[in-house]
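Here is how the chains run, residue by residue.
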Amino acid sequence: MEEGRSRAVRWLLAGAGFVVIVYGARAAEPILVPFLVALMLSIICVPPMQWLESRGVPTWLAVVLVVLLVLAIGSAFGTVIGSSLIEFTASLPYYQARLQREMGGLVGWLDQRGIEVSTRVVQDTLNPGQVLRVAGRIFTGLGDVVSRVGLILITTIFILFEWGAVKGKMCAAFPDSADAFMDRMTRISDNVKRYLALKTLMSMATGALVSVLLAVFGVDYALLWGLFAFLLNYVPTIGSIIAAVPGVLLALLQGGWDTAFLVAVGYLAVNVTISNMIEPRVLGQGVGLSTLVVFLSLVFWGWVLGPIGMLLSVPLTMIFKIFMEGSEETRWVAILMGPRIGSETDPPAIAQVPG
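All figures in this text were calculated on a predicted structure; none of them were measured in a lab.

Attention now moves to the overall build of the protein chain. When helices and strands are counted, the protein chain shows 16 helices and zero strands. With 355 residues in all, the protein chain has 40% of them scored as buried. Once local pairs closer than 6 in sequence are excluded, the contacts in the protein chain between residues at least 24 apart make up 74%. When the accessible surface of the protein chain is split by element, carbon and sulfur atoms take 69% of a total near 19,500 Å².

Taken across its 11 residues, helix 10 (residues 222-232) has 10 buried, putting it largely inside the fold. Regarding helix 10, the residues found buried are Ala222, Leu224, Trp225, Gly226, Leu227, Phe228, Ala229, Phe230, Leu231 and Leu232.

Tracing the chain through its elements places Ala334 in helix 16 (residues 331-337). Here the alpha-carbon distance between Ala334 and Met324, two residues 10 residues apart in the chain, equals 5.5 Å.

A few words now on helix 13 (residues 291-305). Count 3.6 residues to each turn of an α-helix, and residues three or four apart come out pointing the same way. Helix length check: helix 13, at 15 residues, gives a terminal C-alpha distance of 21 Å against a target of 21 Å (1.5 Å per residue), a fit within 8%. Just downstream of helix 13, Gly306 is the residue with a positive phi angle, here 80°.

Attention now goes to the side chain of Thr259. Mapped onto the elements, Thr259 comes out in helix 12 (residues 257-283). With relative accessibility at 16%, the residue Thr259 sits in the buried group. Beyond its immediate stretch of four places on either side in the chain, Thr259 contacts Phe217 and Ala251.

We now examine the packing of aromatic side chains. Enumeration over the complete set of coordinates arrives at six aromatic pairs. Seen in terms of ring centroids, Tyr23 and Trp303 are 5.8 Å apart; in terms of plane orientation they differ by 85°. Their pairing is edge-to-face. With Tyr23 in helix 1 (residues 2-27) and Trp303 in helix 13, this residue pair connects regions lying 280 residues apart in the sequence. On the basis of relative accessible area, Tyr23 is assigned to the exposed category, the value being 51%. What makes Trp303 partly exposed here is its relative accessible area of 38%. Geometrically, the ring pair formed by Phe300 and Trp301 is edge-to-face, given 5.1 Å between the ring centres and 75° between the ring planes.

Buried together is how nonpolar side chains tend to be arranged in soluble globular proteins. Leu214, Trp225, Leu250 and Tyr267 are the most contacted members of the largest nonpolar core, which totals 68 residues. Per element, the largest residue contribution to this core is nine residues, and it comes from helix 10. If near-sequence neighbours (up to four positions away) are discounted, Tyr267 is found in contact with Val210, Leu213, Leu214, Trp225, Ala243, Ala244, Gly247 and Val248. Core analysis: the next-biggest nonpolar cluster, separate from the first, contains 10 residues, Val46, Val67, Leu153 and Leu160 among them.

This structure, assessed with the given rule, holds one salt bridge. Put simply, Asp190 and Lys193 hold a salt bridge, and the shortest N to O gap is 4.0 Å. Of this pair, Asp190 and Lys193 both sit in helix 9 (residues 178-216), separated by three residues, roughly a single helical turn. Owing to a relative accessible area of 24%, Lys193 belongs among the partly exposed residues under this scheme.

Here we take up the layout of surface pockets. Taken as a whole, the second largest pocket holds about 1,200 Å³ of empty space. Elements with a minimum of two residues in the lining of the second largest pocket: helix 1, helix 2 (29-54), helix 7 (149-163), helix 8 (166-173), helix 9, helix 13 and helix 15 (313-324).

It is the contact of helix 13 with helix 15, at a shortest axis distance of 9 Å, that shows an interaxial angle of 105°. Regarding the angle of helix 13 to helix 15, the classification is roughly perpendicular. Listed contacts from helix 15 to Val293, Val294, Ser297, Leu298, Trp301 and Leu305 of helix 13 are Ser313, Val314, Leu316 and Thr317.

With that settled, the discussion passes to the packing of helix 2 against helix 7. In a pair of packed helices, the angle between the axes and the distance between the axes together describe the arrangement. In the contact formed by helix 2 and helix 7, the axes pass within 8 Å of each other and the chain directions differ by 50°. Considering the angle they form, helix 2 stands oblique to helix 7. Two packed elements cross with a definite hand, and for helix 2 against helix 7 that hand is right-handed. Along its contact with helix 2, which presents Pro34, Phe35, Val37, Ala38, Leu39, Leu41, Ser42, Ile43, Cys45, Val46, Met49 and Gln50, the element helix 7 presents Leu151, Ile152, Thr155, Thr156, Ile159, Leu160 and Trp163. In terms of residue class, the contact of helix 2 with helix 7 is built from 15 nonpolar, four polar and no charged.

On the secondary structure map, Ser211 appears in helix 9. When residues no more than four places from it in sequence are discounted, the contact partners of Ser211 are Ala222, Leu223 and Gly226.

Right, let's get into unusual backbone geometry. The backbone of Tyr221 sits at a positive phi, close to 55°, despite the residue not being glycine. Position of Tyr221 among the secondary structure elements: in the loop between helix 9 and helix 10. Given the relative accessible area of 19%, Tyr221 is considered buried.

In this section: the confidence of the model for the protein chain. Summarising the model, the protein chain shows a mean pLDDT of 77, and 77% of its residues fall at 70 or more. Across the protein chain, the element-wise mean pLDDT spans from 51 in helix 5 (residues 128-131) up to 87 in helix 10. Low pLDDT, under 50, characterises residues 343-355; the predicted model gives this stretch 29 contacts beyond four residues in sequence or across chains.

Parameters at a glance
Residues numbered from 1 in each chain as written. Predicted model: local features only at pLDDT ≥ 70, side-chain atom pairs only at ≥ 80, totals over all residues. Heavy atoms only, no water. Helix = DSSP H or I, 4+ residues; strand = E, 2+ residues; numbered from the N terminus. Buried < 20%, exposed > 50% of the residue type's maximum accessible area, 1.4 Å probe, protein only. Contact = heavy atoms within 4.5 Å. Areas by Shrake-Rupley, 256 points an atom, 1.4 Å probe, with all protein chains shown as cover. Expected span 1.5 Å × (residues − 1). Phe/Tyr/Trp six-rings, centres within 6.5 Å; stacked < 30°, edge-to-face > 60°. Core = buried A, V, L, I, M, F, W, Y, C linked by side-chain atoms within 4.5 Å. Salt bridge = Lys/Arg side-chain N within 4 Å of Asp/Glu carboxyl O. 1 Å grid on protein atoms, 1.4 Å probe; cavity = no way out; pocket = protein on both sides within 12 Å on 5 of 7 lines; lining within 4 Å. Points joined across faces, edges and corners; volume = space filled by probe spheres on them. Axes fitted to C-alpha atoms, helices over the stretch in contact; angles between N-to-C directions. Parallel < 35°, antiparallel > 145°, perpendicular 65-115°, else oblique. Left-handed = near helix turned anticlockwise from the far one by under 90°. Nonpolar A, V, L, I, M, F, W, Y, C, P; charged D, E, K, R; others polar. pLDDT = per-residue confidence, 0-100.

Right, dumping it as structure tokens:
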């Protein structure tokens, strides 16, 4: 009886501590988001940095070269998105007027068939400003991160310099538990690197196919919406749906309902092929999370950290799950977060990281 009561008290205190940490994370979002982005960048940069070091390049020079490469890629990416967004924003009133005419025609078509619909309700529902509001939040979140690029780069550089010294420090500070801690950190690094690498390849394929699809149908800003699809492919579950809205909407305004329908079918084909067929076979169960947990993590991290939290929801949840596996008392949490056990229908994984 006493043991059960003490266990209940421990779990109650753990729950209270979790709530305090979550609200603290929300309050610290302006500082926490750049740090998490820097941490993810560091995990990505470690392999090329170690490759350069193995070729005799000094550590400081390897860090500088890798950071400069990341900065060059990010600058090119931001320049393309920024210039296209400025042009699209300037053209938004024109598209809104076109949309109002299309909606007026739709209301008239419905009236002829005895369906009474308010024109104002239809126009307000399909207003581009409202339809693209979620998309705008994603870009706004990215813009906030870009505005703090100096802090992110400096943090990344310091993390990379400290990366090789972590094991020695842990062995000196905690000789009894250093091996277990480093094993857990290695698993986290391997899982996150594998997920980000494969997810990036799948996102690049999605973005390229979307750009080609929209260019074939003559939709404006095809490259912008391809980059948009590339970014939102990192957002589980709803990312591909949000990414399809701008392209289908512009196809409607430029080519009519037939073109919009064909573009929507094209988006569906791309997402079904990559997200539902290729990606599960490539990633397999390497993510180590159930579909429900992936969706809930999207909602949770989006609430805590905003749009960037949605992009980082899967890696952050993977890290949390691995830490839960490190203790006998919390291992059941990791099991519940994981995929189905013993299912014969799960697709095979390649080079799966244990855990």
